[in-house]
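Listed here are the chains, written in short residue letters.
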Amino acid sequence: MSSPASGPDNPFDRALSLALSGDDQAALRWATALVTREPARPVALLIAARLLGARGRVENAKAGLAASAGRALDAGNLPLAVAACRLLEQLGEDAARELDAIAATFAAGSPRLLAAGARPPKLPEGAGGGLTPLDGSLSVEALLDACEAAVRGAAAAYASEVKVRGEAPKVAPEPLFSSLGEAGLRAMIGIFDTQLVAAGEVVIEQGTTGAEAFIVARGELEVKRELPGEEPVLLARVGGGTLIGEMSLLSRSPRAASVTAVRPSLLLVARKESLDAVVAEAPEVGREFAGYCRRRMMENLVRTSALLRAVKPRERPALFERFETRTFEEGDKLITQGQDSDGLHLVASGEVAVVVNEGGEGTVVTTLGAGEVVGEVALVLRRPSNADVVAVHPTVTLHLPRDRFLEIVKQHPALLAELYELAVKRAEETSSIVAQEATDADDFVLL
């Protein structure tokens, strides 16, 4: 959810918006005021240092970004710390030390990780109302000098704190990253690039294919799904630390929803080819990432699948473990007409077509997407499949084999009831559509 301080009145949003629009002079006025007022805020340091670097004030920009990475790390904000490192590298600085520190902090077994259930200390709120930017009559050079002084002071203050403090602050584990060992995590965070997006900019467009995923380092995105003939459905608003678009790293299915920035946002971008290269060297990264994506896939499907919602929340994890992940290329058959069902398919991503073959002609009865079930007619009504089910795009399904299905419906009667109702409805719809096709064909011949 958006915080009360978000929007055009938020000075962080204002500074980023001005920088993205190319108005460096106004952006410097706000960024310098932010660092002066809140020198310990990593995002303030990052914005100001980025502006300095773009204007050739490289040395102080590097110091500011290094301090921003350290501050973000101490605050438990892994994505923002990685983003600061990437920007540091863009200025020609080796950020290996900072990236090593991130991996050592967040890796499985790190002494800096809080125990399960423990809460990190509350972070300070962002700058509220009353922040005044620097004088608009100042020249760009004067603004750059003031910004350098503020960033230099903030970086020096952080270095002094690190020298005198005792134990470094503990941080909360990251759901994906903290399941990896230090070497695997170090390899994984090394694949990210950064991307700044303005409010209103489309990050992911529904129906397109992509080969990258995004993590929100700072900002807010809106996820919407468009349905034929209906208004777009708002699925979620997501903020810092959220991973989106991760299915594109596992399959080439079209995007199932659109994602738009509702605030100026800083994103980390991971591309499939980079992840594949890391997995080849560190297989644990692939295993953990696939497991994480599968859990996320299940969580998302619960929102859209009536079948999964029929199972009590506390019983879902055990049920999810019974499914197997399967992938299909465009044109592959999930189910063949006339054959007994080998199980149930829950479409996780992609799209399938239900095709009835009569007299050598194929009739597309319907197409089904994420959250829909196929195979239930033959499985529940105990008869051969009445249609082919074919992947329209590269598709991922969660498959429940026939023998496991029989065990599960005994444990979850509501599941059987939901599937039986769906199977009867679809069988009737298929018969009706095929009959109508035959009538239309006869009418055509009579004419």
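Here, every reference points to the structure presented above.
The rules behind these values
- Residues numbered from 1 in each chain as written.
- Predicted model: local features only at pLDDT ≥ 70, side-chain atom pairs only at ≥ 80, totals over all residues.
- Heavy atoms only, no water.
- Helix = DSSP H or I, 4+ residues; strand = E, 2+ residues; numbered from the N terminus.
- Buried < 20%, exposed > 50% of the residue type's maximum accessible area, 1.4 Å probe, protein only.
- Contact = heavy atoms within 4.5 Å.
- Areas by Shrake-Rupley, 256 points an atom, 1.4 Å probe, with all protein chains shown as cover.
- Phe/Tyr/Trp six-rings, centres within 6.5 Å; stacked < 30°, edge-to-face > 60°.
- Polar contact = N/O pair within 3.5 Å; in protein donor to acceptor, adjacent residues only side chain to side chain.
- Pairing = 2+ DSSP bridges.
- Axes fitted to C-alpha atoms, helices over the stretch in contact; angles between N-to-C directions.
- Parallel < 35°, antiparallel > 145°, perpendicular 65-115°, else oblique.
- Left-handed = near helix turned anticlockwise from the far one by under 90°.

Asks: I keep staring at the overall build of the chain and nothing clicks. Help me out?
Replies: Within the chain one finds 15 helices and 16 strands. When each of the 447 residues of the chain is scored for burial, the buried share is 47%. Sequence separation of at least 24 residues holds for 77% of the intrachain contacts in the chain that already meet a minimum separation of 6. Accessible surface for the chain amounts to roughly 21100 Å². Of this, 52% is attributable to carbon and sulfur atoms.

Asks: Is there a simple way to think about the packing of aromatic side chains in this case?
Replies: A ring pair, where both rings are aromatic, is described by two values, the distance of the centres and the angle of the planes. This structure, assessed with the given rule, holds 1 aromatic pair. For the ring pair Phe177 and Phe192, a centre distance of 6.3 Å and an interplane angle of 70° mean the geometry is edge-to-face. Note that Phe177 is positioned in the loop between α7 (140-164) and α8 (182-189) and Phe192 in the loop between α8 and β1 (193-197), a separation of 15 residues in sequence. Owing to a relative accessible area of 4%, Phe177 belongs among the buried residues under this scheme. On the basis of relative accessibility, which here comes to 4%, the residue Phe192 falls in the buried class.

Asks: Honestly, the side chain of Glu222 in this entry has me stumped. Any pointers?
Replies: Mapped onto the elements, Glu222 comes out in strand β4 (residues 221-225). What makes Glu222 buried here is its relative accessible area of 14%. One polar contact links Glu222 to Arg237, side chain to side chain, over a distance of 3.1 Å.

Asks: In this structure, what is going on with the environment of Cys147? I would like to understand it.
Replies: Positionally, Cys147 belongs in helix α7. Measuring from C-alpha to C-alpha, the distance between Cys147 and Ala61 comes to 9.7 Å, with 86 residues separating the pair along the chain. Apart from the residues within four sequence positions on either side, Cys147 is in contact with Leu28, Thr32, Ala48 and Leu52.

Asks: For this particular structure, what's the right way to read the sheet that holds strand β7 (residues 258-261)?
Replies: Across a sheet, strands are paired by hydrogen bonds formed along the backbone, either parallel or antiparallel in direction. With antiparallel pairing, the 4 strands of this open sheet are ordered in space as β2-β7-β4-β5. A strand with exactly one partner marks an edge of an open sheet, and here the two such strands are β2 (202-204) and β5 (233-238). Here the strands of the sheet are splayed against their neighbours by 30° on average, with no regard to which way each runs. With 4 bridges connecting them, β4 and β7 associate as antiparallel partners. When the bridges of β7 are listed, Glu222 appears paired with Thr260.

Asks: What am I meant to see in the packing of helix α5 (residues 78-90) against helix α6 (residues 96-106) here?
Replies: Each pair of packed helices can be described by the angle between their axes along with the distance between the axes. In contact at an axis separation of 10 Å, α5 and α6 are set at 165° when each is read in the N-to-C sense. The angle between α5 and α6 places the two elements in the roughly antiparallel class. Every pair of crossing elements has a handedness; the one defined by α5 and α6 is left-handed. Two secondary-structure elements touch here, α5 through Leu78, Ala81, Val82, Cys85, Arg86, Leu88 and Glu89 and α6 through Glu98, Leu99, Ile102 and Phe106.

Asks: Explain the environment of Ala107 here, please?
Replies: Among the structural elements, Ala107 can be located in the loop between α6 and α7. By relative accessible area, which is 3% here, Ala107 ends up buried. For Ala107 and Gly184, which are 77 residues apart along the polypeptide, the C-alpha to C-alpha distance reads 8.5 Å.

Note that every value here comes from positions in space, so none of it alone points to a role or purpose.
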